[in-house]
Each structure stands twice: as C-alpha cells, then as structure tokens.
Amino acid sequence: IREGKLTIMTPLEGTPATRAGLKSLDVITRIGDVSTVSMPIEEAVQKLRGPVQSKVTIWVQRKGWPEAKK
C-alpha cells in the first residue's frame with residue numbers, strides 16, 4: 001500500500017504479473033468487481049492469489065493513462 005493505494009513495487013520475473021505486462025508503480029484499482037480502496041493488504045493478496053489455475057481480473061492504473069485498464 002503506497003499513499004493508500006494498492007501499488008505494485010516490483011513484479012517478480014516469471015509470474016503472471018510480468019506475463020500480463022504489469023510494471024513497477026502500477027496501481028491495482030479493482031480486483032474482480034471489488035474496489036481496492038481501503039482494502040487491507042492481506043485481503044488483496046488473498047483475492048489476487050486465488051485457487052491454482054484460476055483466473056483473476058484486475059483493473060490497473062498507470063501514470064500517463066487517462067483511466068484504469070482491465
């Protein structure tokens with residue numbers, strides 16, 4: 001959590017995050033249909049991990065983008 005926002009600090013190589021193109025300082029604004037505003041980090045991690053082989057949809061805001069992207 002950085003400045004109250006769920007922020008990616010450094011995506012780990014070989015993870016779904018890097019394969020999806022996520023970058024340092026991207027902000028995850030939604031996980032599925034749930035806003036990450038005021039979401040505890042433990043809850044966010046649980047929602048992001050999900051069951052093995054499951055798909056998780058997130059919305060990401062990046063500096064320079066006019067709006068978050070799915």
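A few points on the structure. No experiment lies behind these values; they were computed from the predicted model shown. (Residues numbered from 1 in each chain as written. Predicted model: local features only at pLDDT ≥ 70, side-chain atom pairs only at ≥ 80, totals over all residues. Heavy atoms only, no water.)

### Details of the nonpolar core
Counting residues in each nonpolar core, the largest one holds 9 residues, listed as L6, I8, L22, I28, I31, M39, A44, I58 and V60. In contact with A44, other than residues within four places in its own chain, are L6, I31 and M39. (Core = buried A, V, L, I, M, F, W, Y, C linked by side-chain atoms within 4.5 Å. Buried < 20%, exposed > 50% of the residue type's maximum accessible area, 1.4 Å probe, protein only. Contact = heavy atoms within 4.5 Å.)

### Things to note about the sheet that holds strand β3 (residues 58–61)
Strand order in the open sheet formed by 3 strands is β2-β1-β3, with antiparallel pairing between adjacent strands. A single partner strand is all that each edge strand has here, and the edge strands are β2 (34–35) and β3. Relative to β2, strand β1 (residues 27–31) runs antiparallel, the two being bridged by 2 bridges. By the bridge assignment, I31 is partnered in β2 with V34. Together, β1, β2 and β3 form the strand contacts of helix α2 (residues 41–49), whose direction differs from that of β1 by roughly 70°. (Pairing = 2+ DSSP bridges. Helix = DSSP H or I, 4+ residues; strand = E, 2+ residues; numbered from the N terminus. Axes fitted to C-alpha atoms, helices over the stretch in contact; angles between N-to-C directions.)

### Quick notes on the environment of T18
Tracing the backbone through its elements, the reader meets T18 in helix α1 (residues 16–19). Since its relative accessible area comes to 21%, T18 is described here as partly exposed. For the pair T18 and L6, spaced 12 residues apart in sequence, the C-alpha separation works out to 17 Å. In this structure, T18 is in contact with P11, L12 and E13, ignoring residues within four places of it in sequence. A distance of 3.4 Å separates a polar side-chain atom of T18 from the backbone oxygen of L12. (Polar contact = N/O pair within 3.5 Å; in protein donor to acceptor, adjacent residues only side chain to side chain.)

### What to know about the side chain of T36
Here T36 shows up in the loop between β2 and α2. Assessed through its relative accessible area of 6%, T36 is described here as buried. Not counting residues up to four positions away in its chain, the partners in contact with T36 are L6, I28, T29, R30 and I31.

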